[in-house]
Structure formats: C-alpha cells, structure tokens
Amino acid sequence: MLGSQLAENQDAALPADLFDRNPDPALDELTELAAVLSGADYAYIGWADYSRLWFKSRYGFKAGDQPRATTACQWTIEKGTPMLVGNAGEDTRFPPEGIPLTGAKPCLSYAGTPLISSSQQVVGTLAVLARNPGQFKPEHLTLLEVLGRQVMTRLELYSRIRGQEQAQRARMRTERSLAIERCFVAATLDSIPALVAVLDTAGRMVRMNAPCAQLTGLTQASAVGRPFVEVVLEEDDRAWVAAKLGEAAAGQSAGPHETVWRTAGGQTRRISWTLRPLQGPNSEIQYLIVSGQDVTDQRKMEEALLSSEARYREMVEHSLGFVFTCSMDGWLTSLNAFTAETLGYRAEDLVGRVVTDLTDAAGAAVFQDCLRTLETQDEWQGALPLRRSDGAYRRIAFRSHRMQLPGEQPFVLNHGIDVTEQYEAAEALHLATHQRELILESVGDGIYGIDLDGKLTFINEAGAHALGYTPEELAGSDVHEMIHHSHADGTPYSKSTSPILQALRRAEPIRMRDEVFWRKDGAAIPVEYSANPLFEDGRISGMVVAFQDVSERRRLEKMKDEFISTVSHELRTPLTSLRASLGLIASGSLDKRPEKQRQMIDLAIGNCDRLIRLVNDILDFDSVEKGRLPLHRRPVEAVDLLRRAADIAHGAATERHIGFRIEATPALVFADEERVLQVLSELVTNAIKFSPPETTIRLAAQPAGTNAAGGSEVCFIVEDQGRGIAPEKLERIFERFQQGDASDSRALGGTGLGLALARSIVEQHGGHMWAESTPGKGSRFLFTLPAASGAEAK
C-alpha cells in the first residue's frame, strides 16, 4: 500500500538539496495559481518528514514549518490520495475551531493532493485552505492533482539537470586530476636527487629525470627511443646489464649493482643502481625503472679512510682517554689500552663482555638509554660509573656516536674522560649548598645576603615572606631601595647613612634595634637585625643580614604592660578599701555605730570576693591555656542556666535599675553547668556594666542547627541596650587583656581576661562564641553548646 511507503525523509531518486526551503519562483507561481483558481485564503507546497511539514512555497502566510500531526496533510500523506474537507469543525480529526495553520487563522475548508515521485513515494503535499466552510469542490481536487504533477515534473527536471551537471563536473575533475598527477610525477622525478631512467621492455629509454639528464648530458628528446645500455654504459658492462634488463622485462628485480656510467664531458662516474619492473593495469610489465646514486665521491672517501685507518688506530691506542667500540646491543668489540689499564684489566679480558657488566644498576639504565637514543640519533652525551677490577668506581663522561660503515652493521664509538674527582667535588658542593639552603629555610628569622653593590645575592623564604615578596621578585635587586630602611620614627636612611651599607664599607659587623623595614604593600615592620661581612680569600665580598620582625613581641610587651597596670589597679583598689574598712573596725571608732561597722564588714567581704574572682579568673585562664581545665559534663536545661545566671546578677541589676527578659525554647545541653554559668555570668555582668538604667537585658536560648561534626547545637544569647561596640573591635575584645575601650578598665574595672576566658571555656565544650553590635543600639553576645543526645539525656 502506498500509505505504508510514506516518505520518511525524501525520495532517494531525487537529490536531497531539492528538498530545501529556499524560495523557488516557479513553485511560488504554481502555489499562487492554486490559491487563485480555488478561491483559497492560504496555499502551500510542503515537504514532509517523520514529525514536521516544511513549507517550500506558501501563499497568504509566512510560517516556515508546522508539526506534521497538527496539519490536515497528515491524513493526505498517510492515505497517499487527494483529500477534501468541507467543514473541519464537524470533522472529529480536527479541533472544533478548524484546521490550525502556523501564522494564520484556523481554517474550516481544506483540499490537498500528495506529491508522488516517479518511484511512487509521497514526498510532500500541495494544499489549499479557506477560513469559510464548503469553499472547495471535487473539481478543485482535480485542479490540485494537475498542479501537483507539474510540481513533481519540475522537481524531476531539476534532478536530471543537476545529474548532468554533476557528471560533467566529475569528468572535468578526473581529467584535471590526471593532468595534475602527470605533472606531479614529472616534478617529483625531477626534484629527487636520485638518478631515474624509465625504459620500455626492450630496454629503450622513455624518459629520464633532471639529475640523470644532467649527469649523462642527454636531453629528453635525444634520449627517447635509444638503447640504455649502449648510450650510458661502458662496453664491458653492456652484455650482463642487457641480460638483467631481459630478466626485469619478465618481472624480476635486480640490484643494487655498481657500474661506470658515461657523463656529459666524456668522463665517467661510478653509479650504484637498481632495476625494477613496473606493471600496468592488466598486470603486464609496461616499463622498467632504473634508479641510481652517484657513489664516486663516497668510494674515494672510503679508500682514503682505509688508507688512514692504521694511523688512526695507532693514535687511539696511545690516547690518554677512554676509547672503545660496542655493538648496538652494548657488547664490547674493541677498546684502547688506556681504557683497559684504567679499569685494571687486559684488553682481551673485556672484549666480548656487555658494557652494563661494568656498571651499577643506575649506570646500566643510563647506558640502555644511550643505546635507545642512538637508534634514532647520531650522538649521545652523558656520564657512567664504571667499576674497576678492585670494585672501586670511576665516573666517566662519555660522548657516543653511531657509526655505519659500508657493508657492516652499525656500531657505537665511545670517547670518554675520567671526571671522578670533579664529580665528587661537585657533589660535595651541591651537598653543602643544599645544607645551607635547608638551614636558611628552617630559620624563622629573615636572612639575606648582598654583594659589594648592595644587590641581593640570596634570601630565605621567611625573609621574603616577612617583606611581602617572593625570593624570585627580590633576586638581584637593590635591597636598600626595596625595603626603604628607616629609623624607628620612620625617617628614612640614605645610602650613605644606612648602617648596613656603612658596615659593608667598613667591613665590620653591626647589631641594631628599633629599626624599620618597609613591606611591598607599604606597611612598616619594626625589626632588630645583625649584619656580618662575608670574606673570600681574605677580601670582603658582601654582607649577610639576619633580621627579625619584632611586631608581635612589641604587641605582647604592650599587652603585658597593660595587664600589669590593670591587675595592679584591680588589686590595689580592693586592697586599699579593704585596709581602710578593717582599719576603722580595728580602731574601735565604729564600736558605738554597729550599722556602720556592719557596712564596713560587708565592704571588706565584697572586696575580698572581688580579689578572689580576679585570682580565679587568672588561674582559670592559665588552666584553659594549658588544657588543664576539667569539665564535668551532664545534661542541663538551657532555661535553668539562664535563670540561675539572672538570679546571680539580680542584686547588681537591681542597683542599676535594669531588668531581665528570658526567652528560651526547651532544650538540653551537654555541658559543665558551673563553667557555663561562669560564661553567662561574665556576659551578664558586662551587659549590666554597659547598659543604661531602665533598660532590659534579654537572655535567650534556641536550637542552632548542626555543627561540623554533625551534632545538634543550642545557641545562647545575651543582648543589652547599651552603647554598642565598634565593628573593628568585635573580634579584638575576645583577646587577652582587651576591652572595648581602654578607659573601661579604669572606669568600670576588669582585667580584660573575662571574655577571653569565656570563649576558651565555650570552645573547650566544642562550641564557638562571637559578638554582634550596632554602635548606639546595644550588643549581642552569642555562643553555642552541643545539645544533649538521647543517650546522654537518659
């Protein structure tokens, strides 16, 4: 059935390039004619594939294609016969609004005929559509069938024309290829240095290449048709060469042979040549190819080489270097007396042994690499350890050449010199240099060297890093210009006043404190350094400078001074108050005023508690730093911890007219209850210190997701409504001896250890602590603790 043979793509009898969508005026006229004669609103010629209908020609719309399943042509193509649809709205195959057409309004009338090729395959459709029902009659189908045959006739005409054009082009390409091939063969023969002559089976010359014509003095015209053996060869060689030509005409190759050929000037040249038959398409011998090479000069050189061989052999035997030959497999074939004597052998004891027998495993691998290299290259250079008869090794530097003599297998000629002493000295120098580099890189201080011009000769990684450079960036630079050596106050040294360069000129060591070097990024670093002169052969050759960045030391010294000052103040204040209170009580002046005496006792007790807290903070911080702070963990309700912290601080908060608001989601934490209370008390105490009266401190606890180990966490929050903390100090306040404001240690008391200790306790629990703040709007201190698991809660 024709419907089962629908065009899956296009008809193989028609060229694929006919089924494109490029405009075709002739087809456009047929499409327009179909629309006008049938009174259609739209008309098109479309090519069908398995999923779409591609519009080659269209009338009344501009779309390029449409899904095949949505067109009425789907049914025309499947049946392979013309189809008429009077009212698509009443046809169940189509939507109620009509037949869809991309880029146009739905149509109710349709008439279409399949486009059938000469091989009876449906390749597309010619169709007309109208928006009104009943627009088309059976006679319109007849009209479309006539026009459809015209479309296919035109396509087949295109196909025949293109077939003829392609055949014409193929014939022209073939002729052009043959001409190019003939020219290529001729050019190739003329360009190769070999002598080539083409003969027929009777031995007459057909052509010769340019080198052959130049050698013989013949032209192409004078050579064609003449017997090769009579024109080119000497009389003594003609008979046996003619016999070889006869054998070649029978299909047998010959050569290489060497004969004398006549040349243009009446001279002769010695030629090495071969003879090969050349078969034609029917396997018959059509031509004989003579190819040769002028070996006259080579033979003269060989004769000269043979005549001088004895002299060279004598020279080699008396040479004071290693000279030996070996096969391409590494077998020793000859060696001079010096080689044998140096290795502690007789020459005859070594001939026939493998070179790798005289070296270690690493040397054997190197020599095998030498042999592999010489398979493709003419020379190799390297060094081998050769073992003497007494077991000692000598380091020999070799240069090896691949040699090829006529008629012989290639071999290796080796020349070497003993470099054992130089090698050992170089190894010692390399070891010393490597040790020096290891020492320089292992030192934490910066170390660099300069020459007499102040140019950098070396610098270790620590020194380059301290200055913000890489060693490569500083190599060979003027160090004074790079680091801008300055006084402690930043005043720069000139080259004439630089202590390092002055010491270099005086050739004496110096040691300096409170100096400044400048980094690549423009930052100043305080340094201490020592510079010592380098001497070579009793003369100064440069300086070595060892410097240390003392920024951290200065910072620690400042922190120590601040701590001593703060702790002294914290100790002196309660001690002074305590001494005064006890003094008044001891003097008896308050015996008659018991309420005042009680007040003095409470004051003394309070100051004792303050001293105890100070000492405990210092001892606890020391224990945390050394990892000796014990933790007694158990499940604890987060809200209970918040309430206890609020109860502890209730008195101090009441004095400041500050309230607490507790917000807590039920949650258990696995922690040391007393240590967590210590953390909360520190945060709440700070919040009270920095909160104005009539404000509220918020204490909260809530789930905080999971930590890095995958366990759940609870987040605690202490939020005040105080003055806030500057953004740049949010992290610094957790450092030792640091407070949000330097004046706080005096005005509000404290050693600056509280927050550092609190963070350390939290981190020892496996949590972390941080602060958030907006200046003028209060601060939030947050920390996390691991939540108690089900097993821990039980």
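As a starting point, this report considers the structure included with it. (Residues numbered from 1 in each chain as written. Predicted model: local features only at pLDDT ≥ 70, side-chain atom pairs only at ≥ 80, totals over all residues. Heavy atoms only, no water.)

To continue, consider a nonpolar patch on the surface. A cluster of nonpolar residues, Val206, Leu278 and Tyr287, forms a patch on the protein surface that exposes about 220 Å² of accessible area. One can find leucine 278 in strand β12 (residues 268-279). On the basis of relative accessible area, leucine 278 is assigned to the partly exposed category, the value being 41%. (Patch = residues over 30% accessible without salt bridge, like charges linked within 9 Å, V, L, I, M, F, W, Y side chains within 5 Å. Areas by Shrake-Rupley, 256 points an atom, 1.4 Å probe, with all protein chains shown as cover. Salt bridge = Lys/Arg side-chain N within 4 Å of Asp/Glu carboxyl O. Helix = DSSP H or I, 4+ residues; strand = E, 2+ residues; numbered from the N terminus. Buried < 20%, exposed > 50% of the residue type's maximum accessible area, 1.4 Å probe, protein only.)

With that out of the way, let us pick up empty space enclosed by the protein. Applying the stated criterion across every chain yields a total of four cavities of 30 Å³ or more. Space inside the largest cavity adds up to approximately 80 Å³. Lining the largest cavity we find Tyr448, Ile450, Gly454, Val479, His480, Ile483, His485, Ser498, Ile500 and Leu501. When residues of the lining of the largest cavity are traced back to their parent elements, those giving at least two are β19 (446-451), α15 (479-483) and α16 (499-506). (1 Å grid on protein atoms, 1.4 Å probe; cavity = no way out; pocket = protein on both sides within 12 Å on 5 of 7 lines; lining within 4 Å. Points joined across faces, edges and corners; volume = space filled by probe spheres on them.)

This next bit is on the nonpolar core. Formed by 41 residues in total, the largest nonpolar core has its most connected members in Phe716 and Phe783. Listing elements by their share of this core, those giving two or more residues are α19 (638-648), β27 (668-672), α21 (673-690), β28 (696-706), β29 (712-719), α23 (754-764), β30 (769-773) and β31 (779-786). Sort the elements by how many residues they give to this core and α21 lands first, with eight residues. Ignoring anything within four residues of it in the chain, the contact list for phenylalanine 783 reads Val679, Leu680, Leu683, Val714, Cys715, Phe716, Val762, His768, Met769 and Trp770. Listed in part, the 26 residues of the second largest apolar core include Cys212, Val229, Val232 and Leu233. (Core = buried A, V, L, I, M, F, W, Y, C linked by side-chain atoms within 4.5 Å. Contact = heavy atoms within 4.5 Å.)

On to the sheet that holds strand β21 (residues 486-487). Overall, antiparallel pairing links the six strands, which are arranged β20-β19-β24-β23-β22-β21 in an open sheet. What marks the edges here is a single partner per strand, and that holds for β20 (456-459) and β21. As paired strands, β19 and β20 are joined by three bridges and run antiparallel to one another. Counterpart to glycine 449 in the pairing with β20 is phenylalanine 458. (Pairing = 2+ DSSP bridges.)

Let us now look at the sheet that holds strand β1 (residues 42-48). The strand order across the open sheet formed by six strands is β3-β2-β1-β8-β7-β4, and the pairing between neighbours is antiparallel. The open sheet has two free edges, formed respectively by β3 (65-67) and β4 (83-85), since each of these has just one partner strand. Each strand axis lies, on average, 25 degrees off the axis of its neighbour in the sheet, ignoring direction. Relative to strand β2 (residues 52-59), β1 is paired through six bridges, and the arrangement is antiparallel. By the bridge assignment for β2, alanine 48 is matched with leucine 53. Here helix α1 (residues 25-38) sits on the sheet in contact with β1, β2 and β8 (122-130), set at roughly 80 degrees to β2. (Axes fitted to C-alpha atoms, helices over the stretch in contact; angles between N-to-C directions.)

With that settled, consider unusual backbone geometry. Omega for the peptide link from glycine 255 to proline 256 comes to 10 degrees, which places this bond in the cis form. Looking at the element boundaries, proline 256 is found in strand β11 (residues 254-262). A positive phi angle, near 65 degrees, is found at glutamine 120, a position not held by glycine. If you trace the backbone, glutamine 120 turns up in the loop between β7 (109-116) and β8. Even without being a glycine, histidine 657 presents a positive backbone phi close to 60 degrees. Its place among the elements puts histidine 657 in the loop between α20 (650-655) and β26 (659-664).

Moving on to the pairing of strand β23 (residues 524-536). Of the strand pairs in this sheet, strand β22 (residues 510-518) and β23 are connected by seven bridges, and their pairing is antiparallel. Following the sheet pairing, glutamate 515 is matched in β23 by valine 527. Where β22 hands over to β23, the hairpin turn is made up of five residues, of which glycine 522 adopts a positive phi near 90 degrees. Examined bridge by bridge, β23 and strand β24 (residues 539-549) share ten bridges and lie antiparallel to one another. Residue pairing for β24: tyrosine 529 is matched across the bridge by phenylalanine 547. Hairpin geometry of β23 and β24 is characterised by an intervening segment of two residues between the two adjacent antiparallel strands and by a positive phi of about 55 degrees at aspartate 537.

Moving on, we get to the packing of α19 against α21. Remark: α19 packs on α21, axes separated minimally by 9 Å, with the N-to-C direction vectors making an angle of 55 degrees. The orientation of α19 relative to α21 falls into the category oblique. Once α19 is placed against α21, the crossing between them reads as right-handed. Residues Leu641, Leu642, Arg644, Ala645 and Ile648 of α19 form the contact with α21, whose own contacting residues are Glu673, Glu674, Val676, Leu677, Leu680, Ser681 and Val684. (Parallel < 35°, antiparallel > 145°, perpendicular 65-115°, else oblique. Left-handed = near helix turned anticlockwise from the far one by under 90°.)

Let's shift gears to the packing of α21 against α23. In contact at an axis separation of 9 Å, α21 and α23 are set at 145 degrees when each is read in the N-to-C sense. Considering only the axes of α21 and α23, their crossing is left-handed. Judged by residue contacts, Arg675, Gln678, Val679, Glu682, Leu683 and Asn686 of α21 engage Gly754, Leu755, Leu757, Ala758, Ile761 and Val762 from α23. Tallied by class, the residues present in the contact of α21 with α23 amount to seven nonpolar, three polar and two charged. (Nonpolar A, V, L, I, M, F, W, Y, C, P; charged D, E, K, R; others polar.)

Once that is clear, we can look at the environment of glutamate 258. Residue position: glutamate 258 is located in strand β11. Judged by its relative accessible area of 28%, glutamate 258 is partly exposed. A sequence separation of 16 residues divides glutamate 258 from threonine 274, and the C-alpha atoms of the two residues are 8.9 Å apart. Not counting the four nearest positions on each side in its chain, glutamate 258 is found in contact with Arg270, Ile271, Ser272, Trp273, Val295 and Arg299. At 2.9 Å, the side chain of glutamate 258 and the side chain of arginine 270 are in polar contact. (Polar contact = N/O pair within 3.5 Å; in protein donor to acceptor, adjacent residues only side chain to side chain.)

This part covers the pattern of salt bridges. One pass over the full model with this rule turns up 31 salt bridges. The shortest N-O distance in the salt bridge between glutamate 674 and arginine 644 comes to 3.7 Å. Placement of glutamate 674 in helix α21 and of arginine 644 in helix α19 is noted, with a sequence separation of 30 residues between them.

As a further point, take the environment of glutamate 515. Relative to the elements of secondary structure, glutamate 515 occurs in strand β22. Glutamate 515 gets classed as buried once you look at its relative accessible area, which sits at 4%. With sequence-adjacent residues up to four places away left out, glutamate 515 is seen in contact with His485, Ser486, Tyr493, Pro499, Ile525, Pro526, Val527 and Tyr529. Within the structure, the side chain of glutamate 515 is placed 3.0 Å from the side chain of tyrosine 493, a separation counted as a polar contact.

Our next topic: the packing of aromatic side chains. Two numbers describe a pair of aromatic rings. These are the distance of the centres and the angle of the planes. Inspection of every chain in the model, using the stated rule, returns 13 aromatic pairs. A centroid spacing of 5.2 Å and a plane angle of 85 degrees characterise the contact between phenylalanine 55 and phenylalanine 61, whose relative ring orientation is edge-to-face. The same class applies to phenylalanine 55 as to phenylalanine 61, namely buried. When the ring of phenylalanine 517 is compared with that of tyrosine 529, the centres are 5.8 Å apart and the planes differ by 25 degrees; the resulting orientation is stacked. Of this pair, phenylalanine 517 sits in strand β22 while tyrosine 529 sits in strand β23; the two residues are twelve residues apart in sequence, bridging distant segments of the chain. For the pair phenylalanine 517 and tyrosine 529, one class covers both residues: buried. Taken together through their ring pairs, the aromatic side chains of Tyr42, Tyr44, Phe55 and Phe61 make up a single cluster. Positioned over the ring face of tryptophan 75 is arginine 93, at 5.4 Å from the centre of the ring. (Phe/Tyr/Trp six-rings, centres within 6.5 Å; stacked < 30°, edge-to-face > 60°. Lys NZ or Arg CZ within 6 Å of the ring centre and 35° of its normal.)

Note that all results are geometric; they support no functional claim without further evidence.
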